[in-house]
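Spelled out from the first residue to the last, the chains are:
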Amino acid sequence: MNVVVVESPAKAKTINKYLGSGYKVLASFGHVRDLPAKDGSVLPDQDFEMSWEVDSASAKRVKDIADALKDADGLILATDPDREGEAISWHVLDLLKKKKVLGSKPVKRVVFNAITKKAVLDAMAQPRDIDIPLVDAYLARRALDYLVGFNLSPVLWRKLPGARSAGRVQSVALRLVCDRESEIERFVSEEYWNLSALLKTPRGDEFEARLVSADGKRLQTKSIGNGEQANDLKALLEGAAFAVESVEAKPVKRNPGPPFTTSTLQQAASSRLGFSASRTMQVAQKLYEGMDIGGETVGLITYMRTDGVQMAPEAIDAARAAIIDQFGARYCPEKPRFYSTKAKNAQEAHEAIRPTDFSRSPDKVRRFLDSDQLRLYELIWKRGIASQMAGAEIERTTVEILADNAGRKAGLRAVGSVIRFDGFIAAYTDQREENEPSEDGEDDGRLPEINAREKLDKQKVNASQHFTEPPPRYSEASLIKKMEELGIGRPSTYAATIATLRDREYVTIDKRKLIPDAKGRLVTAFLENFFAKYVEYDFTADLEEKLDKISAGELDWKKVLREFWNDFFAQIEDTKELRVTNVLDALNEALAPLVFPKREDGSDPRICQVCGTGNLSLKLGKYGAFVGCSNYPECNYTRQLSADANGDDAATADGPTVLGTDPDTGEEVSLRSGRFGPYVQRGDGKDAKRASLPKGWKPDTTTLERAMSLLSLPREVGIHPETGKPISASIGRYGPFLLHDGAYANLESVEDVFTVGLNRAVTLIAEKQARGGKPARAGATALKELGDHPSGGAITVREGRYGPYVNWGKVNATLPRGKDPQSVTVEEALALITEKAGKAPAPKSKSSKAKATKAAAADKPAAAKTTKAKAPAKTAAKTPAKAKAAPKAKKG
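Every value quoted in this text rests on a predicted model; they were computed, and no experiment measured them.

Trainee: Any chance you could explain the side chain of Arg354 here in plain terms?
Mentor: Summarising the element assignment, Arg354 is placed in the loop between α10 (313-326) and α11 (362-365). Those residues in contact with Arg354 that sit more than four places away from it in its chain are Leu300, Ile301, Thr302, Met311, Ala312, Ala315 and Ile380.

Structure representation (structure tokens):
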């Protein structure tokens, strides 16, 4: 018997059926160990020695594998066919060697791109050794992300209170979002006019033609800049005679695009299905790992983390056969199509994402899949089969028209297209992202019969005023597309990168658009001013290219780390002399449109509107940045730092704004501004009900109806059909969520809190439980909220079975005997948490005691202190650390 190790239990179950009794398939449940979230996990001064930690759950799984190996003939490592999968196999093998359970038993590595019986058996027949260069690339990436996160994050905490952490790739992605917001703020709208004429042919058919030239000059989109010019040209057309100069019909052939890669699948699922990147990958993972199709468990798609665009020869043959069967022989081109990627730094190590069996059409699997699974599978199937279909044949007609008004001439153009043969369009057509123009800037319609040199009758002349619009904010899809174009990140990281930005509250998502939060813009401006090199697009892409060369065995991974660390460490050291006043001066200028928005009355936005003499400026408090007056404490004017704030500090500057009356209680409902931003309140006094405005909700658009919906939370969604217990939806410190029987599940948007139905809620809760979600701790009542820990996560004082204690994540620290729970400060809480973790007490100095406790890893919101090395030759100093790292699971 051979022991086979895969990543997920679902995959293990399916593969066990394929291999039979001669094999025992066990799951590692993703990564079995990771870098502990504490100082010293990566030691630059010891040639980047890395210390790994195995949590209790992973230790049990490794023990199960070790026990099974005692009576086994050999070990087969069959984790996913990418860098992370190779790393998991390497970790498992290293741990088993340390347990000394392998002896002389053979160890082989196999990879399969699809979970089908043929793919698995073929892989078993072609074993190999672990790809060490691929593991080296993984080690380099983990070390880089650790060194950036665990060294740069504490700098942020010291110089920019309220900032969570900075990651190597996430910081660059955040810069893209913030740069776009700055473009929008700087954008100056320009007026322009379009002119067109509605014309009639001698046969009585009407069509529209656009003005493209006048008085011998060609007109571009914005050539007509004001109403005076437009009226002049309109008068020309009103009195002109129209005649057709030429009619040109040109055949145009459109060829299909390649099958999906990770990024193009995420983009298409966003624009067509409204899926977030993380939702797309969750559903794709299920389709890949295997579905029960009529009693047979089989993977429906190939591996979904790839930047390759090619399909295997047998898949191309199967696609061509399916095309002939379902569309007809004319739709199958004479020769197969082959593709190459245009993405920067693409590795193309694996196939594109495609169905494992093209004969398994969406209609054939419809009854076995839920709605989201079917929609995504249908998208993949259609794109895959379209990639091998014949091109579409289109006849494009261009009509040039001359308008003559007493010798003054103008040219008009009408363009139309007719599909003569639909080809691949019969299966799949690309859908443009919102605000994305067509390829030629013209949307073609169908034209009536028009002949050269015939006269046309003018029906109407239209002159329409327009204004240029700023570039659109990024959606998840367009951000992923941009990151791929720039060579930032890799397919497996896109969804996790965006999720991290949301989790750290650096961006919010409103109507599928990414909007940088004030906190995110502060972090980006800080990094651009003081760590510019490390958020440069070219620098990040170049580093990705070096990691790819490590994968290919062309670069030594430790050499790459040395080159990076020497410069990065020097930059970190330089910031020690950086004064907070220097930081604030730089941020005031870099973020002037955000900090000092224009006022409606035209007054100086930098002068305090309360005292009239003080200068407004960014201020830093323990809860983050805000705008305050230089005359403090004589003038105590402050306001939240928000892109929504105007010179009057939104709707709440002069006190509460009454929204209406609660029809049930008769109490007044008002909009107010508090220390933590705008909120709504019903009634007065200590018994008044209050609710903060969620991220993305603007005070000036808050109505009585919206306020009542907030004040009515939590909302009961319905009764769970299996447990008989209620499911409720609400908004918490970390965003919208569902609660059922003490277990939580996240919702994607605030609007989902008010609209999610019972079926969707049950599905989300089941998915969370499948991923290992745990019920909330029962019986622990929060007595006081102290705020956020520097590494993220709420610090609270709670009443427990054995008395009051401080809670942060999984760390619980009992209060000293006689200590009043209501008097605990955040500094005292941090010291207790640090002591509970078994390390030295938190630093006592005012500048650092609440900030130097932990640091956040770059790709994970886990906490630890920075690695402080005075020079590459010295040993890193130990500092307080979090008791335990965050649970480990494969990214993506």
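Trainee: Honestly, the sheet that holds strand β2 (residues 23-27) in this entry has me stumped. Any pointers?
Mentor: In any sheet, the strands associate via hydrogen bonds between backbone groups, in a parallel or an antiparallel arrangement. Across the sheet, which stays open at both edges, the 4 strands sit in the order β2-β1-β5-β6 with parallel pairing between neighbours. Each edge of the open sheet carries a strand with a single partner, namely β2 and β6 (107-109). On average, each strand axis in the sheet is tilted by 20° relative to the strand beside it, whichever way the strands run. With 5 bridges joining them, strand β1 (residues 2-6) and β2 adopt parallel strand pairing. Each bridged residue has a counterpart across the sheet, and for Asn2 the counterpart in β2 is Tyr23.

Trainee: What is the right way to look at the pairing of strand β25 (residues 715-719) in this model?
Mentor: Moving residue by residue along a regular strand, the side chains alternate between the two faces of the sheet. Note that β25 and strand β26 (residues 726-732) share 4 bridges and pair antiparallel. Each residue of the ladder has a partner; that of Gly718, found in β26, is Ile727.

Trainee: So what exactly am I meant to see when it comes to the packing of aromatic side chains here?
Mentor: Each aromatic ring pair is described using two quantities: the centre-to-centre distance and the angle formed by the ring planes. For the structure on display, the rule yields 18 aromatic pairs. Ring geometry for Phe327 and Tyr331: centres 6.0 Å apart, planes at 45°, overall tilted. On the accessibility criterion, Tyr331 (17% relative accessible area) is buried. Judged by centre distance (5.2 Å) and plane angle (50°), the ring pair of Phe526 and Phe530 falls under tilted. Here Phe530 and Phe526 lie together in helix α15 (residues 518-530), a separation of 4 residues that amounts to about one turn. Taken individually, Phe526 and Phe530 each receive the classification buried, so the pair is uniform in this respect. Members of the aromatic cluster, connected to one another through ring pairs, are Tyr534, Phe539, Phe564, Trp565, Phe568 and Phe569. Above the ring of Tyr474, the side-chain terminus of Arg180 is found at 4.3 Å from the ring centroid.

Trainee: Explanation requested: the pattern of salt bridges in the structure shown.
Mentor: Opposite charge on two side chains allows them to pair when their charged atoms are near. Within this structure, the stated rule accounts for 49 salt bridges. The partner of Lys118 in a salt bridge is Asp122, with the nearest N and O atoms 2.8 Å apart. Note that Lys118 and Asp122 are positioned in helix α4 (residues 117-124) at a spacing of 4 residues, about one turn of the helix. Classification of Lys118 as exposed rests on a relative accessible area of 55%. Looking at Asp122, the relative accessible area reads 35%, which means it is partly exposed. Salt-bridge contacts for Asp404 lead to Lys409; the nearest nitrogen and oxygen are separated by 3.5 Å. Residue Asp404 is classed as partly exposed on the basis of its relative accessible area, which comes to 27%. Note on Lys409: relative accessible area 38%, which makes it partly exposed. Among the charged side chains, a salt-bridge network with shared partners connects Arg141, Asp145, Arg168 and Glu544.

Trainee: Where do I start with the packing of helix α5 (residues 132-159) against helix α17 (residues 557-574) in this structure?
Mentor: The description of two packed helices rests on the angle between their axes and on the distance between the axes. As a packed pair, α5 and α17 sit with axes 10 Å apart at the nearest point and diverge in direction by 5°. The orientation of α5 with respect to α17, classified from their angle, is roughly parallel. Here Asp136, Leu139, Ala140, Ala143, Leu144, Leu147, Val148, Asn151, Leu152 and Val155 of α5 lie close against α17, whose contacting residues are Trp557, Leu561, Phe564, Trp565, Phe568 and Ile572. Among the residues making up the contact of α5 with α17, the classes are represented as 14 nonpolar, 1 polar and 1 charged.

Trainee: Hey, could you run me through helix α20 (residues 704-711) in this one?
Mentor: Each full turn of the α-helix corresponds to 3.6 residues, which orients residues three or four apart in the same direction. Of all the positions in α20, only Ala707, Met708, Leu710 and Leu711 are classed as buried. Along the axis of α20, the buried positions cluster into a sector of 160°, meaning they face one direction only.

Trainee: I keep staring at the sheet that holds strand β27 (residues 735-740) and nothing clicks. Help me out?
Mentor: On the basis of which strands lie adjacent, the open sheet formed by 4 strands has the order β25-β26-β27-β28 and antiparallel pairing. Each edge of the open sheet is held by one strand with a lone partner, namely β25 and β28 (743-746). With strand direction ignored, the average angle separating the axes of adjacent strands in the sheet is 30°.

Trainee: Got a minute to help me understand unusual backbone geometry in this structure?
Mentor: Excluding glycine, residues mostly carry a negative phi; peptide bonds, for their part, are mostly trans. Tyr632 connects to Pro633 through a cis peptide bond whose omega is 10°. Tracing the backbone through its elements, the reader meets Pro633 in the loop between β19 (624-629) and β20 (638-640). Residue Pro714 is bonded to the preceding Leu713 through a cis peptide linkage, with omega at 0°. Residues other than glycine seldom take positive phi values, yet Asp47 does so here, at roughly 55°. For Asp47, the position within the fold is in the loop between β3 (42-43) and β4 (49-50).

Trainee: Would you mind going over the packing of helix α16 (residues 537-551) against α17 with me for this structure?
Mentor: Put simply, α16 and α17 touch, their axes get as near as 9 Å, and they point 160° apart. When the interaxial angle is binned, α16 and α17 end up roughly antiparallel. The way α16 lies across α17 gives a crossing that is left-handed. Contacts from Phe539, Leu543, Lys546 and Ile550 of α16 reach α17 at Trp557, Val560, Glu563 and Phe564. Split by residue class, the contact of α16 with α17 holds 6 nonpolar, no polar and 2 charged.

Trainee: Quick question: what am I supposed to make of α5 here?
Mentor: With 28 residues, α5 extends 40 Å between its outermost C-alpha atoms, agreeing within 8% with the 40 Å of an ideal straight helix rising 1.5 Å per residue. In terms of burial, α5 is largely enclosed, as 24 of its 28 residues are buried.

Thresholds, definitions, all that
- Residues numbered from 1 in each chain as written.
- Predicted model: local features only at pLDDT ≥ 70, side-chain atom pairs only at ≥ 80, totals over all residues.
- Heavy atoms only, no water.
- Helix = DSSP H or I, 4+ residues; strand = E, 2+ residues; numbered from the N terminus.
- Contact = heavy atoms within 4.5 Å.
- Pairing = 2+ DSSP bridges.
- Axes fitted to C-alpha atoms, helices over the stretch in contact; angles between N-to-C directions.
- Phe/Tyr/Trp six-rings, centres within 6.5 Å; stacked < 30°, edge-to-face > 60°.
- Buried < 20%, exposed > 50% of the residue type's maximum accessible area, 1.4 Å probe, protein only.
- Lys NZ or Arg CZ within 6 Å of the ring centre and 35° of its normal.
- Salt bridge = Lys/Arg side-chain N within 4 Å of Asp/Glu carboxyl O.
- Parallel < 35°, antiparallel > 145°, perpendicular 65-115°, else oblique.
- Nonpolar A, V, L, I, M, F, W, Y, C, P; charged D, E, K, R; others polar.
- Arc of directions from axis to C-beta.
- Left-handed = near helix turned anticlockwise from the far one by under 90°.
- Expected span 1.5 Å × (residues − 1).

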